[in-house]
Amino acid sequence: MKRALKWVAGVVGLLLVLAGAFWFYAFGSNSPIVEGPVVPGVETVKDGFVNIFILDAGPGKVALVDAGNDKSGKSLLAALARRNLAPASVAAIFLTHGHPDHTAGCRLFPGAEVYAMEADVALAGESAKVTHPLKDGEITTLGDLRVEAFSVPGHTPGSAVYLARGVLFFGDSAGASKDGEIMKAVGLFSKNSGENVASLKALTARLEPRAKEVQAMAFGHTGTVAGFAPLATFASHH
Ligand SMILES: [Zn+2]
Ligand SMILES: [Zn+2]
């Protein structure tokens, strides 16, 4: 009996060490998520370990980039309420990709149009109900909000980066480290790591002539970074 208990304790201990190592691998070097404004008209909402962004979209209307991991939308609904906005004020949701930690909140906004790259519509599935499959380069206008979609396959086949209000939104296709450097998608959670890096390099080349438009870069699970330069540095090192 004693021997069995020792075995159990050993296995539990090993699992805890593995869980710790895994946590560090996935999140250990991330810059922390900071709630609040990114640039005028863009606000970060922290939903546990994942970000949601609220974008102004004309009087009394907003759009979201991703809808979070919390089906009950506690932090998101609270952030909307602080602006005196009801769920019906959410006109659109732009999904960076179809993983459930970014789509769970969609069900709270049945009136919102839901956008995602066409290659991730199936992955987003019933919980997100994409109404507008997007193509690379497609531009969506809502009130005074202009959202440009770029296809960056790798983390998922239909991963998108959005450019809106001077912010590039990467979802899980990249992250920011504590040192303010850009990190590629976490390999273990990604469909194709090589493709992810190739997509980030191609996007950098594509946006380099427009670098001045990018005031900040925002990510699915980390804090934001200012400007376009960190992406150019990443691309030149990979
Ligand atoms: Zn993901
Ligand atoms: Zn994620």
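What comes next concerns the included structure. Because the structure is predicted, anything quoted here is derived from the model rather than measured.

## Digging into the overall build of the protein
Of the regular secondary structure elements, the protein holds six helices and 15 strands. Computed over C-alpha atoms, the radius of gyration of the protein comes to 19 Å, within 12% of the 18 Å expected from 2.2 N^0.38 for 238 residues, which places it in the range of a compact globule. The buried share among the 238 residues of the protein stands at 49%. By sequence separation, contacts in the protein at least 24 residues apart represent 57% of the contacts at least 6 residues apart. Entry remark: accessible area of the protein is about 11300 Å², with carbon and sulfur atoms responsible for 63%. Between the averaged position of the 21 positive side-chain charges in the protein and that of its 21 negative side-chain charges there is a distance of 9 Å.

## Focus: the pairing of strand β4 (residues 62–65)
Side chains Val62 and Leu64 of β4 all project onto a buried face; the interleaved residues Ala63 and Val65 project onto the opposite face, where all are buried too. In terms of strand pairing, strand β3 (residues 50–56) meets β4 through four bridges, oriented antiparallel. Across the sheet, the residue bridging to Ile54 is Leu64, located in β4. Count of turn residues in the β3/β4 antiparallel hairpin: five residues, of which Gly58 carries a positive phi of about 100 degrees. The sheet contact formed by β4 and strand β5 (residues 90–94) spans four bridges and is parallel. Its bridge partner being in β5, Val62 is matched across the sheet by Val90. Regarding topology, helix α2 (residues 74–82) serves as the crossover connection from β4 to the parallel β5, and that connection is right-handed.

## Overview of the coordination of the zinc ion (ligand 2)
Coordination of the zinc ion (ligand 2) by the protein is provided by Asp101 (OD), His102 (NE2), Asp172 (OD) and His221 (NE2), with metal-donor distances spanning 2.1 to 2.2 Å. Each of the four donor atoms bound to the zinc ion (ligand 2) contributes to angles spanning 91 to 154 degrees, and the resulting shape is irregular. When the donor residues of the zinc ion (ligand 2) are listed from N- to C-terminus, their spacing reads D-H-x69-D-x48-H. The distance between the zinc ion (ligand 2) and the zinc ion (ligand 1) comes to 3.5 Å, with Asp172 serving as a donor to both metals.

## Some points on the nonpolar core
Side chains of nonpolar character tend, in soluble globular proteins, to be buried together. Core analysis: the largest hydrophobic core is formed by 23 residues, its most contacted members being Leu55, Phe94, Leu145, Tyr162 and Phe169. Counting residues per element, the ones that place at least two in this core are β3, β4, β5, β6 (113–117), β9 (145–151), β10 (160–164), β11 (167–169) and β14 (216–218). By size, the runner-up hydrophobic cluster in this structure holds 22 residues, among which are Ala79, Leu80, Val90 and Cys106.

## Examining the pairing of β6
For β6, a buried count of four out of five residues is recorded, marking the element as mostly surrounded by other parts of the structure. In terms of strand pairing, β5 meets β6 through three bridges, oriented parallel. Following the sheet pairing, Phe94 is matched in β6 by Tyr115. Pairing analysis gives three bridges linking β6 to strand β7 (residues 132–134), with the strands arranged parallel. Across the sheet, residue Ala116 finds its bridge partner in β7, namely Pro133. Crossover β6 to β7 through helix α4 (residues 121–128) is right-handed.

## Description of a nonpolar patch on the surface
On the surface, a cluster of nonpolar side chains totalling about 560 Å² of accessible area is made up of Trp7, Val11, Leu14, Leu15 and Leu18. Tracing the backbone shows Val11 in helix α1 (residues 2–27).

## Description of the sheet that holds strand β1 (residues 36–39)
In space, the seven strands of this open sheet follow the order β1-β2-β3-β4-β5-β6-β7, with mixed pairing throughout. Here the strands that pair on one side only, and so sit at the sheet edges, are β1 and β7. Each strand of the sheet is rotated relative to its neighbour by a mean of 25 degrees, with strand direction disregarded.

## Some words on the coordination of the zinc ion (ligand 1)
Taken together, the protein ligands of the zinc ion (ligand 1) are His97 (NE2), His99 (ND1), His155 (NE2) and Asp172 (OD), with distances of 2.1 to 2.2 Å. Relative to the metal, the four donor atoms surrounding the zinc ion (ligand 1) lie at angles of 91 to 163 degrees, and the coordination shape comes out irregular. Coordination of the zinc ion (ligand 1) draws on donor residues from a single chain, spaced H-x1-H-x55-H-x16-D in sequence. A relative accessible area of 1% means that His97 is categorised as buried.

Conventions adopted
Residues numbered from 1 in each chain as written. Chains lettered and ligands numbered in written order. Predicted model: local features only at pLDDT ≥ 70, side-chain atom pairs only at ≥ 80, totals over all residues. Heavy atoms only, no water. Helix = DSSP H or I, 4+ residues; strand = E, 2+ residues; numbered from the N terminus. Rg over C-alpha atoms; globule rule 2.2 N^0.38 Å. Buried < 20%, exposed > 50% of the residue type's maximum accessible area, 1.4 Å probe, protein only. Contact = heavy atoms within 4.5 Å. Areas by Shrake-Rupley, 256 points an atom, 1.4 Å probe, with all protein chains shown as cover. Lys, Arg positive; Asp, Glu negative; His and termini not counted. Charge placed at Lys NZ, Arg CZ, Asp CG, Glu CD. Pairing = 2+ DSSP bridges. Right-handed = clockwise from strand over helix to strand, strands pointing away. Donors = N, O, S within 2.8 Å, 3.2 Å for Na, K, Ca; no water. Tetrahedral: all angles 85-135°; square planar, octahedral: opposite > 155°, others 65-115°. Core = buried A, V, L, I, M, F, W, Y, C linked by side-chain atoms within 4.5 Å. Patch = residues over 30% accessible without salt bridge, like charges linked within 9 Å, V, L, I, M, F, W, Y side chains within 5 Å. Salt bridge = Lys/Arg side-chain N within 4 Å of Asp/Glu carboxyl O. Axes fitted to C-alpha atoms, helices over the stretch in contact; angles between N-to-C directions.

Any functional reading would require information beyond the geometric quantities listed.
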